[in-house]
There are 2 protein chains.
Amino acid sequence: MSVSFTDIERAAQRLAGLAVRTPLIESDVLNDLLGLRVLIKPETLQRVGAFKFRGAYNRLSQIPPKAKAAGVVAFSSGNHAQGVALAARMLGMPALIVMPSDAPKIKVDATLGYGAEIAFYNRMTDDRIAMAAAFAEQRGAIIVPAFDDDDIIAGQGTVGLEMVQQAADLNLKLDMVISPVGGGGLLAGTALAVKARSPGTLMVGVEPVTFNDTKISLEAGVRQAISPSARSLCDALESPAPGALTFPIVQQTVTEIAVVSDAEVAAAMRYAFSTLKLVVEPGGVVGLAALLAGKVASLTPRQVVGVVLSGGNVDPDLFAQVLRGDY
Amino acid sequence: MSVSFTDIERAAQRLAGLAVRTPLIESDVLNDLLGLRVLIKPETLQRVGAFKFRGAYNRLSQIPPKAKAAGVVAFSSGNHAQGVALAARMLGMPALIVMPSDAPKIKVDATLGYGAEIAFYNRMTDDRIAMAAAFAEQRGAIIVPAFDDDDIIAGQGTVGLEMVQQAADLNLKLDMVISPVGGGGLLAGTALAVKARSPGTLMVGVEPVTFNDTKISLEAGVRQAISPSARSLCDALESPAPGALTFPIVQQTVTEIAVVSDAEVAAAMRYAFSTLKLVVEPGGVVGLAALLAGKVASLTPRQVVGVVLSGGNVDPDLFAQVLRGDY
């Protein structure tokens, strides 16, 4: 594997005092409902409202001084965009983000707010990878991938490192850790950290049923791209294929990929609102959705289960619709 | 004063491992906006979704064994109701709560969910105090006041105790602590704890402009009851007068009472949603509302300010209306 536990420890050192060490929180109501001990890692409380700051800062902070003036280019539906934008501002370099024209407004506004430029693309007709490559060549800028990059994976892995440490502080051993999976940066990084520190902990990824590329790739034993027929409510998880770097890690560390429907995602968002008092975006809540919907096959009663709520950047209009039960 | 710092320390011992030690969280975006270092105490993450569990459990756990069978009676618009209901269930005693018929549904449902009985009253025509007294006499039950009780005040004071300890863990000294004020249990308890451990910290209370009884009482130097002409968005803070026990403590410890409008409260709820990713109820967000609206007169630039977000029990319909800008 291209990323080692030492890389994650070094990422943690780079992020110390800069990323939020998000707490591990519990709800007795949720524990009682599920018959589990659920330790929630709310990366919604992270800078930029999602775990993506971790990987972005870990990557950008290693760009040599002479390359800083030309800056960075990234493509992202929104959370990686914000992470790169904030990290670039902190490190004093320009950032251009290629974003879909239908990205959530809250993610577009925040990316601009952190001082990045945005170039919009049409999700149906444009090739965002080619666009980003062209911009990078024009500027001599460095492309920062959203997940398929060793430093990005290592940065996201600090989520898992903290979870193991924080569970140990509670004198608990994690039986399972559940993470959303889009391209696989968070899942792969978290799995590497968790397995290094706690080899007996099972790793489970969760993706939207309409973007089940990681699940079918694992079943096939080789990366598979899907041709999605419909959008998912989970804008952050609409990747059509696992990454070349993330997939081998996922293959070696992950026990199960669960899938959830939009209705299950919306129900979990309402549960997080009413019971946990947390604002979680659709793509961020899939782990909780899988637990509430009984979709995690590897689970055993009374286990200690860590769940990453990976982001909270959701437009107020959509959130109000979810609260009203429109999804 | 009827409550001592030792009472708060003893309450903390009773609550250890039972109440959530809610984290102290920060948002760099909020800090930058206000030019302050804001340490947020999200009691939204407390059991029952509000600080009220602390005082209720501290009071109920001191009821002698022979009095447990007859149980307790409380009157409350909702958060104290839930706190008493849960504490009673944990301690194995019955609880009857006298609640207004227009209490938020989420609070009614949760109170029933914790196994309490509810007797509803009409906010305009019924005397809830007389109703509670009659029920208590019928049953031989103990009345548990929402704020005007030494053990309740001491329990709520553990919020302030934790804030001072958690700030110290960050090597920070709190210049100011801001708390909502309804009847004054949270404000009085928190102020006692903060002033005992950190005498230089200024205490500020915030109440709705339509329920400014604590502000006018402090100005008059004696408790004043108001005759409110309108409801407030802050259902949890609609007390018409400070408590007999809480007011002397507030008089001796609190520097300023700020007041906020419903529009300022709604704006702060939207800010907590979009930037902090926290679900906060109207009465819980008044401290943040006062900061965002520039209503805290005692504030100095670059200060370290602790803010209690005291509860998150808000109906989804109202929250959706607030997100849509109806308030």
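Within every chain, residues take consecutive numbers counted from 1 along the sequence as written. A letter from A marks each chain and a number from 1 marks each ligand, given out in the order of writing. Per-residue local features are limited, in this predicted model, to residues with pLDDT of at least 70; the limit for side-chain atom pairs, both in listing and counting, is 80 or more; totals at the level of whole chains, interfaces and linings are taken over all residues. The basis for every side-chain value is the complete set of heavy atoms in the structure, and neither hydrogens nor water enter the calculation.

Q: How should the overall build of chain A be read in this particular structure?
A: Secondary structure elements are taken from DSSP: a helix is a run of H or I of four residues or more, a strand is a run of E of two residues or more, and numbering for both begins at the N terminus. What chain A contains, in helices and strands, is 13 helices and nine strands. The globule rule used for comparison is 2.2 Å times the number of residues to the exponent 0.38, while the radius of gyration itself is calculated over C-alpha atoms. For 327 residues, the compact-globule formula gives about 20 Å, and the C-alpha radius of gyration of chain A, at 18 Å, lands near that figure. Dimensions of chain A, computed from C-alpha atoms along their principal axes, come out at roughly 55 × 45 × 40 Å. Split into buried and exposed, the 327 residues of chain A put 59% on the buried side. Residue contacts follow a heavy-atom distance rule, with two residues in contact if any of their heavy atoms lie within 4.5 Å. At a minimum sequence separation of 6, the contacts of chain A that also span at least 24 residues come to 74%. Surface accessibility follows the Shrake-Rupley procedure with a 1.4 Å probe radius. Residue values consider only the protein chains on display as shielding. Summing over all exposed atoms, chain A offers an accessible surface of approximately 11,400 Å²; the carbon and sulfur share of this is 52%. Only four residue types enter the tally: Lys and Arg on the positive side, Asp and Glu on the negative side, with His and both chain ends excluded. By convention, the point assigned to a charge is CZ for Arg, NZ for Lys, CD for Glu and CG for Asp. When the 28 basic and 31 acidic side-chain charges of chain A are each reduced to a single mean position, those positions are 5 Å apart. Only protein chains enter the accessibility calculation, which uses a 1.4 Å probe. A residue is then buried if its area is under 20% of the maximum for its type, exposed if over 50%, and partly exposed in between.

Q: Would you mind showing me how to read the packing of aromatic side chains here?
A: For this analysis, a ring pair means two rings from Phe, Tyr or Trp (six-membered ring only for Trp) whose centres lie within 6.5 Å, classed as stacked if their planes differ by under 30 degrees, edge-to-face if by over 60, and tilted for the remaining angles. Throughout the structure, instances matching the rule amount to seven aromatic pairs over all chains. With centroids separated by 6.2 Å and ring planes inclined at 65°, the aromatic side chains of B:Phe273 and B:Phe319 adopt a geometry described as edge-to-face. With B:Phe273 in helix α11 (residues 262-276) and B:Phe319 in helix α13 (residues 316-323), this pair connects stretches of sequence that are 46 residues apart. By relative accessible area, B:Phe273 is classed as buried at 1%. Here a set of aromatic residues connected by ring pairs shows up, and it is made of A:Phe273, A:Phe319, B:Phe273 and B:Phe319. Here the guanidinium or amino end of A:Arg47 rests over the ring plane of A:Phe53, the centre of that ring lying 5.6 Å away. By the criterion adopted, a ring carries a charge over it if an Arg CZ or a Lys NZ lies within 6 Å of its centre and within 35 degrees of its normal.

Q: In this structure, what is going on with the relation of the copies chain A and chain B? I would like to understand it.
A: Both copies of the chain are tied together by a single rotation about an axis and a shift running along it. When the copies are overlaid, the least-squares fit takes in C-alpha atoms only where the residue has pLDDT of at least 70 in both copies. Relative to chain B, chain A is turned by 180° and slid 0.0 Å along the rotation axis, the superposed coordinates differing by an RMSD of 0.0 Å. Both copies are brought into coincidence by an operation consistent with a two-fold rotation axis. Mapped onto chain B, 100% of the interface residues of chain A again fall at the interface, so both copies present the same surface.

Q: Would you take a moment to explain the interface of chain A and chain B for this structure?
A: Much of the literature gives interface size as the accessible area that the parts lose upon coming together. Contacts between the two partners involve 28 residues from chain A and, on the opposite side, 28 residues from chain B. When the area that chain A buries against chain B is broken down by residue, the three leading residues are A:Phe273, A:Lys277 and A:Val279, summing to 29%. Within this document, salt bridges are pairs made up of a side-chain nitrogen of Lys or Arg and a carboxyl oxygen of Asp or Glu, the two lying within 4 Å of each other. Inspection of the region where chain A meets chain B yields two salt bridges. Here A:Asp28 and B:Arg47 are joined by a salt bridge, their closest N and O atoms 3.1 Å apart. Pairs of N or O atoms are called polar contacts if they sit within 3.5 Å, as long as, within protein, a hydrogen donor faces a hydrogen acceptor (for residues adjacent in sequence, only side-chain-to-side-chain pairs). The tally of links between chain A and chain B comes to eight residue pairs in polar contact (both at pLDDT 80 or more). Those elements giving two or more residues to the side of chain A that touches chain B turn out to be α2 (28-34), α4 (79-91), α11 (262-276) and α13 (316-324) of chain A. Ranked by residue count, the leading element in the side of chain A that touches chain B is α13(A), at five residues. Three classes are used, and their members are as follows: Ala, Val, Leu, Ile, Met, Phe, Trp, Tyr, Cys and Pro are nonpolar, Asp, Glu, Lys and Arg are charged, and the others, Gly among them, are polar. Across the side of chain A that touches chain B, the residue classes break down as 16 nonpolar, five polar and seven charged. In this description, buried area is defined as the sum, over both parts, of the accessible area (probe of 1.4 Å) that is lost when the two are combined.

Q: Got a minute to help me understand the pairing of strand β4 (residues 117-121) of chain B in this structure?
A: In the case of a regular strand, side chains alternate between the two sheet surfaces. All names here are of chain B. When DSSP locates at least two bridges between a pair of strands, those strands are taken to pair. Note: strand β3 (residues 95-100) against β4, five bridges, orientation parallel. The residue of β4 that forms the bridge with Ile97 is Ile118. Throughout, right-handed denotes a crossover for which the path from the first strand over the helix to the second runs clockwise when the strands point away from the viewer. For the segment spanning β3, helix α5 (residues 105-113) and β4, crossover handedness is right-handed.

Q: I keep staring at the domain arrangement of chain A and nothing clicks. Help me out?
A: Residue and element names in this part refer to chain A. Domain annotation of chain A identifies domain 1 (5-50 + 149-324) and domain 2 (53-143). In this document the domain limits rely on a domain assignment from an automatic tool or a database. Look at where the C-alpha atoms of domain 1 and domain 2 centre, and you get two points 23 Å apart. Counting residues at the interface gives 30 residues for domain 1 and 23 residues for domain 2. Approximately 2,200 Å² of surface area, both sides summed, lies buried where domain 1 meets domain 2, with 52% of it carried by carbon and sulfur atoms. Together, Arg14, Val48 and Asp151 form the three largest contributors to the area buried by domain 1 at its contact with domain 2, with a combined 26%. Arg59 is the salt-bridge partner of Asp149, the closest N and O atoms lying 3.4 Å from each other. Per element, the largest residue contribution to the side of domain 1 that touches domain 2 is eight residues, and it comes from helix α7 (residues 150-169). Here the residues of the side of domain 1 that touches domain 2 sort into twelve nonpolar, six polar and twelve charged.

Q: I would appreciate a short explanation of the nonpolar core in the present structure.
A: Soluble globular proteins: nonpolar side chains tend toward being buried together. The criterion is simple. A nonpolar core is a set of buried Ala, Val, Leu, Ile, Met, Phe, Trp, Tyr and Cys residues joined through side-chain atoms within 4.5 Å. Formed by 82 residues in total, the largest nonpolar core has its most connected members in A:Ile178, A:Leu288, A:Phe319, B:Ile178, B:Leu288 and B:Phe319. Non-local contacts of B:Leu288, meaning those with residues more than four positions away in its chain, are made with B:Leu30, B:Ala268, B:Tyr271, B:Ala272, B:Leu276, B:Val307 and B:Leu309. Ranked by size, the runner-up nonpolar core spans 32 residues in total, among them B:Leu39, B:Phe51, B:Ile153 and B:Ala154.

Q: What should I look at first to understand the sheet that holds strand β8 (residues 254-260) of chain B in this one?
A: Each strand in a sheet pairs with another by means of backbone hydrogen bonds, the pair being arranged parallel or else antiparallel. Residues and elements named next belong to chain B. The parallel open sheet is built from five strands, whose spatial order is β1-β9-β6-β7-β8. Since the sheet does not close on itself, it has two edges, and those belong to β1 (37-42) and β8, each with one partner. The sheet shows a mean angle of 25° between the axes of neighbouring strands, direction not considered. Relative to strand β9 (residues 304-309), strand β6 (residues 176-180) runs parallel, the two sharing three bridges. The residue bridging Val177 from the neighbouring strand is Gly306, located in β9. Only the stretch in contact is used when fitting a helix axis, every axis being a line fitted to C-alpha atoms; angles between N-to-C directions are given from 0 to 180 degrees.

Q: Looking at this structure, how should I read helix α7 (residues 150-169) of chain B?
A: Side chains of residues three or four places apart in an α-helix project in the same direction, reflecting 3.6 residues per turn. Residues and elements named next belong to chain B. Between its first and last C-alpha atoms α7 spans 29 Å; for 20 residues at 1.5 Å apiece the expected length is 28 Å, and the two agree. Put simply, Asp149 is the residue that caps the front of α7, since its side-chain oxygen is 2.8 Å from the backbone nitrogen of Asp151. Of the residues flanking the end of α7, it is Asn171, one or two places downstream, whose phi is positive at about 60°. Working rule for helices: expected span equals 1.5 Å times residues minus one.

Q: Honestly, the side chain of B:Asp235 in this entry has me stumped. Any pointers?
A: Residue and element names in this part refer to chain B. Summarising the element assignment, Asp235 is placed in the loop between α9 (213-220) and α10 (246-253). Looking at Asp235, the relative accessible area reads 8%, which means it is buried. The residues contacting Asp235, other than those within four sequence positions of it, are Ser77, Pro104, Lys107 and Glu281.

Q: Honestly, the sheet that holds strand β4 (residues 117-121) of chain A in this entry has me stumped. Any pointers?
A: Residues and elements named next belong to chain A. What the four strands build is an open sheet, ordered β4-β3-β2-β5; its pairing is parallel. Only two strands of the sheet have a single partner each, and these edge strands are β4 and β5 (142-143). When strand β2 (residues 72-75) meets strand β3 (residues 95-100), the two strands line up parallel, connected through four bridges. In the strand pairing of β3, Phe75 is matched with Val98.

Q: Help me out: how do you make sense of unusual backbone geometry in this one?
A: Trans peptide bonds make up the majority, and among non-glycine residues the majority have a negative phi. For A:Asn171, which is not glycine, the phi torsion reads 60° and is therefore positive. Mapping A:Asn171 onto the fold places it in the loop between α7 and β6 (176-180). Of note in this structure, B:Arg302 is not a glycine but carries a positive phi near 65°. Residue class for B:Arg302 comes out exposed when judged on its relative accessible area of 70%.

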